[in-house]
Amino acid sequence: MFRKLILPIALAATVATTQGVAQAADPADVIEYRQAVFQVAKNNFGPIADMLKGEIEYDQTTVEKNAAVVQMMSTLVGGLFPEGTDAMAGETNALTEIWDEPDAFADKVAKFEETSFELVEAADSGDKRQLAAAVKDVGSSCKACHDDFRRDD
């Protein structure tokens, strides 16, 4: 029972922390936190894709947990780009188009959230075909946003 409560509690704490960080006085702190959120999403998404490719052993429990983390991270993204956290504020690959085209950016973030929710549903279903389609959709939503709003490394 306790183990089932750990993830929701941790995720709730993350949301509360994000709200405080987005309002932080130091834009560099916001940028650092934003990058950490994306890294957490990447670190949880990658193993799901790797399992589907047969690169690592498939584990249903891990797929479900990782998908839930990706979904939670997706809900944080929209609040992680307050004014003043562009490249003038610190080391970031975020393009100024994020702030110049807020509606277009919001649409991309919404698509990431939508596909991440579908990833959770697919993970919970146990159907690997459905999961593979959801992984493809999440990856496509990430790429679409990166293409328009992220400077290449």
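Up top you'll find the structure we're talking about.
This structure is a prediction, so every number in the text was calculated from the model and none was measured. (Residues numbered from 1 in each chain as written. Predicted model: local features only at pLDDT ≥ 70, side-chain atom pairs only at ≥ 80, totals over all residues. Heavy atoms only, no water.)

## Side note on the overall build of the protein
Turning to step 1, where the next piece is worked out: Assigned secondary structure in the protein consists of 6 helices and 0 strands.
Turning to step 2, where the next piece is worked out: Moving toward the C terminus, one meets the helices and strands of the protein in the order α-α-α-α-α-α.
Turning to step 3, where the next piece is worked out: Sorting the 153 residues of the protein into buried and exposed places 33% on the buried side.
Turning to step 4, where the next piece is worked out: Intrachain contacts of the protein at a sequence separation of at least 6 include 72% that bridge at least 24 residues.
Turning to step 5, where the next piece is worked out: As presented, the protein carries roughly 9000 Å² of accessible surface, and 55% of it is formed by carbon and sulfur atoms. (Helix = DSSP H or I, 4+ residues; strand = E, 2+ residues; numbered from the N terminus. Buried < 20%, exposed > 50% of the residue type's maximum accessible area, 1.4 Å probe, protein only. Contact = heavy atoms within 4.5 Å. Areas by Shrake-Rupley, 256 points an atom, 1.4 Å probe, with all protein chains shown as cover.)

## A few points about the nonpolar core
Turning to step 1, where the next piece is worked out: Counting 33 residues, the largest nonpolar core has Phe81, Leu119 and Leu131 as the members making the most contacts within it.
Turning to step 2, where the next piece is worked out: Once residues lying within four places of it in the same chain are set aside, the contact partners of Phe81 are Arg34, Phe38, Ala94, Ile98, Trp99 and Phe105. (Core = buried A, V, L, I, M, F, W, Y, C linked by side-chain atoms within 4.5 Å.)

## Some thoughts on the pattern of salt bridges
Turning to step 1, where the next piece is worked out: Scanning the model with the defined rule gives 4 salt bridges in all.
Turning to step 2, where the next piece is worked out: Across the pair Lys108 and Asp148 runs a salt bridge whose closest N-O atoms are separated by 3.0 Å. Placement of Lys108 in helix 5 (residues 102-125) and of Asp148 in helix 6 (residues 128-149) is noted, with a sequence separation of 40 residues between them.
Turning to step 3, where the next piece is worked out: Residue Asp148 is classed as partly exposed on the basis of its relative accessible area, which comes to 37%.
Turning to step 4, where the next piece is worked out: Note that Lys143 is salt-bridged to Asp147, the shortest N-O span being 2.8 Å. With a gap of 4 residues between them, Lys143 and Asp147 both fall in helix 6, about one helical turn apart.
Turning to step 5, where the next piece is worked out: The class for Asp147 is partly exposed, based on a relative accessible area of 49%. (Salt bridge = Lys/Arg side-chain N within 4 Å of Asp/Glu carboxyl O.)

## As for the packing of aromatic side chains
Turning to step 1, where the next piece is worked out: Applying the stated rule across the entire model yields 4 aromatic pairs.
Turning to step 2, where the next piece is worked out: Plain terms: the ring middles of Phe105 and Phe149 are 5.3 Å apart, the flat faces sit at 75° to each other, and that makes the pair edge-to-face. Remark: Phe149 occurs in helix 6 and Phe105 occurs in helix 5; sequence separation between them is 44 residues.
Turning to step 3, where the next piece is worked out: Grouping aromatic residues by their ring pairs yields a cluster made of Phe38, Phe81, Trp99, Phe105 and Phe149. (Phe/Tyr/Trp six-rings, centres within 6.5 Å; stacked < 30°, edge-to-face > 60°.)

## Some thoughts on the side chain of Ser74
Turning to step 1, where the next piece is worked out: Inspection of the secondary structure assignment puts Ser74 in helix 3 (residues 60-76).
Turning to step 2, where the next piece is worked out: Of the residues examined, Ser74 reaches a relative accessible area of 0% and is grouped as buried.
Turning to step 3, where the next piece is worked out: At 2.6 Å, the side chain of Ser74 forms a polar contact with the backbone oxygen of Gln71.
Turning to step 4, where the next piece is worked out: With near-sequence residues (within four places) excluded, Ser74 lies in contact with Phe112, Glu113 and Ser116. (Polar contact = N/O pair within 3.5 Å; in protein donor to acceptor, adjacent residues only side chain to side chain.)

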